[in-house]
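# Survey of secondary and tertiary structure
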Amino acid sequence: MAGQLLLRWAAFLHRTVAGRVAAERLQARRDAALRAAHRRGVPVDQLAARMRLTPSWIRQVLAGKKPPVIEEAA
């Protein structure tokens, strides 16, 4: 029984957080939630602080633009 539950949990995690498509889907949901919070009166500075992102990044998301891709330093 516990094994079946763990298998279901693993499958759920695989579908929701693994892979590029899933990551893009989660990011789209995050962005939609940010826009909805802003429409309901949450200021940009508070969104940025809570999400630990810069205000300019949040403004890009609110405008419907994709933020720039962050590249790792070599």
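Look up a bit, the structure's there.
Quantities reported herein were computed from a predicted structural model and do not represent experimental measurements.

The next thing to look at is helix 2 (residues 20–39). Here helix 2 contains 20 residues, and its C-alpha end-to-end distance of 28 Å stays within 8% of the 28 Å for a straight helix at 1.5 Å per residue. Buried residues of helix 2: A22, D31, L34 and A36, and no others. For helix 2, the elements touching its buried residues are helix 1 (2–17), helix 3 (44–51) and helix 4 (55–62). Just beyond helix 2, the residue with positive phi is G41, at close to 100°.

On to the environment of R25. Within the secondary structure, R25 is located in helix 2. The class of R25 is partly exposed, set by a relative accessible area of 36%. Excluding its chain neighbours within four sequence positions, the residues that come into contact with R25 are R15 and T16.

This part takes up the packing of helix 2 against helix 4. Closest axis-to-axis distance for the helix 2/helix 4 pair is 9 Å, and the angle between their directions is 95°. Between helix 2 and helix 4, the crossing angle belongs to the class labelled roughly perpendicular. For the pair helix 2 and helix 4, contact is made by R30, D31, L34, R35 and H38 and by W57, I58, V61 and L62, respectively. Among the residues making up the contact of helix 2 with helix 4, the classes are represented as 5 nonpolar, 1 polar and 3 charged.

Once that is clear, we can look at the packing of helix 3 against helix 4. Packing of helix 3 against helix 4 brings their axes to within 9 Å, and their N-to-C directions diverge by 110°. In terms of axis orientation, helix 3 runs roughly perpendicular to helix 4. Contacts from V44, D45, L47 and A48 in helix 3 reach P55, I58, R59 and L62 in helix 4. In terms of residue class, the contact of helix 3 with helix 4 is built from 6 nonpolar, no polar and 2 charged.

How each quantity is defined
Residues numbered from 1 in each chain as written. Predicted model: local features only at pLDDT ≥ 70, side-chain atom pairs only at ≥ 80, totals over all residues. Heavy atoms only, no water. Helix = DSSP H or I, 4+ residues; strand = E, 2+ residues; numbered from the N terminus. Expected span 1.5 Å × (residues − 1). Buried < 20%, exposed > 50% of the residue type's maximum accessible area, 1.4 Å probe, protein only. Contact = heavy atoms within 4.5 Å. Axes fitted to C-alpha atoms, helices over the stretch in contact; angles between N-to-C directions. Parallel < 35°, antiparallel > 145°, perpendicular 65-115°, else oblique. Nonpolar A, V, L, I, M, F, W, Y, C, P; charged D, E, K, R; others polar.

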